[in-house]
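Residues per chain are reported as follows:
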Amino acid sequence: MPSERDASFTLTSLDEGRSLRLPNLRATVTLPDRQTFTAPLGLAPLVLGKSPECDLVVTDPKVSRVHCEIRLTEQGVLLKDIQSRNGTFIRDVRIVEALLPPGVPATVGDSMLVVQPSGGAAVLPLSTRGSFGDAVGEGLAMRALFARLERVAKSEETILLLGESGTGKEVLARSLHQESRRAHGPYVIVDCGAIPSSTIEAELFGTVAGAATGAVNRAGFFEAAHQGTIFIDEIGEVPLEAQQKLLRVLEARTVRRLGSTQERAIDVRIVAATHRNLKAMVAAGKFRQDLYFRLSVLELQVPPLRERREDIPLLVERFLSSRNPPLRASDLPPETLPMLMGYEWPGNVRELRNVIARLVLFPELLHEILGPAEGYASEPTAAPLRADEAAKVDPEDLKLGKLLELSLPEAREAVLAELERKYATAKLRKYDGNISRAAEAMGVSRQLLHRLLDRHGIRAKDGISESTAARRT
Ligand SMILES: Nc1ncnc2c1ncn2[C@@H]1O[C@H](COP(=O)(O)OP(=O)(O)OP(=O)(O)O)[C@@H](O)[C@H]1O
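The structure displayed is predicted, hence computed values, not measured ones.

Engineer: Before we move on, can you summarise the site of the ligand with the specific residues and values?
Structural biologist: Near the ligand there are 18 residues, and of these Val136, Ser165, Gly166, Lys169 and Arg353 occur at the shortest range. A distance of 2.9 Å separates a nitrogen atom of the ligand from a polar backbone atom of Val136. Interatomic distance of 2.6 Å between a side-chain N/O atom of Ser165 and an oxygen atom of the ligand. About the coverage of the ligand: the protein hides 88% of its 630 Å² of free accessible area. Contributing elements (two or more residues each) for the shell around the ligand: strand 16 (135-136), helix 2 (169-179), helix 8 (312-321) and helix 10 (348-361).

Engineer: Any chance you could break down the UniProt feature "domain: FHA" (unreviewed entry) in the protein for me, citing the residues and the numbers?
Structural biologist: Taking the UniProt record as the reference, the feature "domain: FHA" (unreviewed entry) is found at residues 46-95. From the first C-alpha to the last, residues 46-95 spans 17 Å; its make-up is 0% helix and 44% strand.

Engineer: Break down the packing of aromatic side chains for me, citing the residues and quoting the values.
Structural biologist: Inspection of every chain in the model, using the stated rule, returns 4 aromatic pairs. A centroid spacing of 6.3 Å and a plane angle of 25° characterise the contact between Phe132 and Phe146, whose relative ring orientation is stacked. With Phe132 in strand 15 (residues 131-132) and Phe146 in helix 1 (residues 140-153), this residue pair connects regions lying 14 residues apart in the sequence. The burial state of Phe132 is the same as that of Phe146; both residues are buried.

Engineer: Which residues make up a nonpolar patch on the surface, and what values do they have?
Structural biologist: A cluster of nonpolar residues, Leu416, Leu419 and Tyr423, forms a patch on the protein surface that exposes about 300 Å² of accessible area. Structurally, Leu416 is set in helix 13 (residues 408-430).

Engineer: I'd like to hear about the pairing of strand 21 (residues 228-233), residue by residue, with values.
Structural biologist: Of all the 6 residues making up strand 21, 6 are buried; the element is thus mostly covered by neighbouring parts of the structure. Relative to strand 24 (residues 268-274), strand 21 is paired through 5 bridges, and the arrangement is parallel. Paired with Ile230 across the two strands is Ile270, which belongs to strand 24.

Engineer: With reference to specific residues and values, describe helix 8.
Structural biologist: Along helix 8, the positions that sit buried rather than exposed are Ile312, Leu315, Val316, Phe319 and Leu320. The arc that holds every buried residue of helix 8, seen down its axis, measures 130°, which confines them to one face. Looking at the packing, one finds that the buried side of helix 8 touches strand 16, helix 9 (336-342) and helix 10.

Analysis parameters
- Residues numbered from 1 in each chain as written.
- Predicted model: local features only at pLDDT ≥ 70, side-chain atom pairs only at ≥ 80, totals over all residues.
- Heavy atoms only, no water.
- Near = heavy atom within 4 Å.
- Polar contact = N/O pair within 3.5 Å; in protein donor to acceptor, adjacent residues only side chain to side chain.
- Areas by Shrake-Rupley, 256 points an atom, 1.4 Å probe, with all protein chains shown as cover.
- Helix = DSSP H or I, 4+ residues; strand = E, 2+ residues; numbered from the N terminus.
- UniProt positions renumbered as here; feature names shortened; annotations may be inferred.
- Phe/Tyr/Trp six-rings, centres within 6.5 Å; stacked < 30°, edge-to-face > 60°.
- Buried < 20%, exposed > 50% of the residue type's maximum accessible area, 1.4 Å probe, protein only.
- Patch = residues over 30% accessible without salt bridge, like charges linked within 9 Å, V, L, I, M, F, W, Y side chains within 5 Å.
- Salt bridge = Lys/Arg side-chain N within 4 Å of Asp/Glu carboxyl O.
- Pairing = 2+ DSSP bridges.
- Arc of directions from axis to C-beta.
- Contact = heavy atoms within 4.5 Å.

See below:
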C-alpha cells in the first residue's frame, strides 16, 4: 500500500511552481448490497451525498443530502464532513476534517468510501502570474486556468467558458480579447439572457429594411465585432432556431442579415459562455449537439469561489483598492476576512464584490450580510409590506445609525440600493427564481431585472442545479 505522503496521492508542485503533478484518483463508494458509485477526483473537490446535485450521488438512506467533501491537496486527500446527520468516520473515529490515507476505507452512513489511484498522473502547467488581464487569482485552480488561457489567447479558436453565475466568465473573456492579436479591434458583448428570444436573430445577424414591420438597414453584433472578438454570454438561452443560424455563421464565417440574400464575410473570434449544463441541455433536446461540438473544442471550466477560498484575500484587496479613495483589508473590522473566507458565496465573485461595497459603508452589518438569512438556501423573510402598510411606517422608527455620517445623496442612494436588493430578492424567492414572472410582478422588464440582479450580485434560482452539475461534466 502506498504511504500517506506518496506522490501518487498528493498534488505536487514541479518546476519551481510552474507545473503541477495531478495524480489520477477515483473515489468509490460501496453500499452494503455491494452496489458501487464512483467518480474521478481532480483539482475540483467532490461533494458526496444523496442530493442529485452532488458530484458523487450515493443512494444510502443514512447518507445526508450533502454529506462530505473530498479534496485533493498538497498534503494528500482531505475528507471533510459537511455537518452530516450520521457523521463521517475513519477507522471508527468520527471526523470533522482529516487526511484520508490511500486505500483506507472511510464510513459514510452504512457505506464504505475509498480513494485510490487509477492510472498515471497528469502534469498541468500553472501560470506564474497571479492574474490574467483584469482577473486575479493565485490559488492552484486559477493558476491552472490562467495557464490554459495564456496558451489559447493568441490562437483564433472558439472558446467556451463554463461556470456558475458570477465566477468571472465575462472578465476572463474580456481579458482573452485584450491578450489576443485582436486587442485593437472591437470587443462586443451579447447577453443572450437579456435579449427577448423574438429579437435575438435580428440583434445577432442584423436586418435589412422591410425584413419585418419597422425593420431598418442595421448591422448585427457579428458585423459590429468584425476584426475583433464577440463574447456570446448565456449561450444556453439562444432559441433552437437561432442556434441553427449561429452554427452556420460559426462554420461559414459569413452572416446574412435578416431579409437579405447577401452573405457578408466576417473575421471574428468567438468566445461563448454559460452557467448552464450544455451537455444536459443537448440530452434534453434543448441545445443542438452540432453547435455544442463546434463550441466545446476548447472548453474551460471557471471554478466557483467556494472551491478557491484562498483567492478571497486577493480579491478583497482588489475590490478595496479600486475604491475612491482606495482602501485596504486592514481598514475593515478584523473579523471580516475570516468570515468572508468561511461563507459559501452562492453568487461567487460578483457577490463578494457587492458585499465588500456594502461593508465599506456599513461594516457593522457583517453578521447580517454573511449570516444564514442570505441567499436562496435560506428561509423566506417576512412578507414585504403592502403599499398602504408602508405608508404607515413612522420615519421616527427608522434607525439612521451610520447613515448620518453620509451626505444626503449618499444616504439616499445607500437606502434605495438596500431596498432594491431586498425587494428583488424577496420577489425572486416568491417566484422560485423565475425571472419572467418576477419581472412581471415587479412591473419591470426582464432586462431591467437582469441588470438589477447583476448590480446586487443576486443569482436567479433557475439553473443552480444545472450549473453545479456543469462543473463536473
Ligand atoms: N478573478 C477575478 N478577478 C477580479 N474580478 C473578478 C474576478 N472574477 C470575477 N470578478 C468580478 O466579479 C464580477 C462578476 O464577474 P463576471 O461578470 O465576469 O461573472 P460571470 O461569470 O460572467 O457572471 P454571469 O454568468 O452572471 O454573466 C465582475 O465585477 C468581475 O469584474
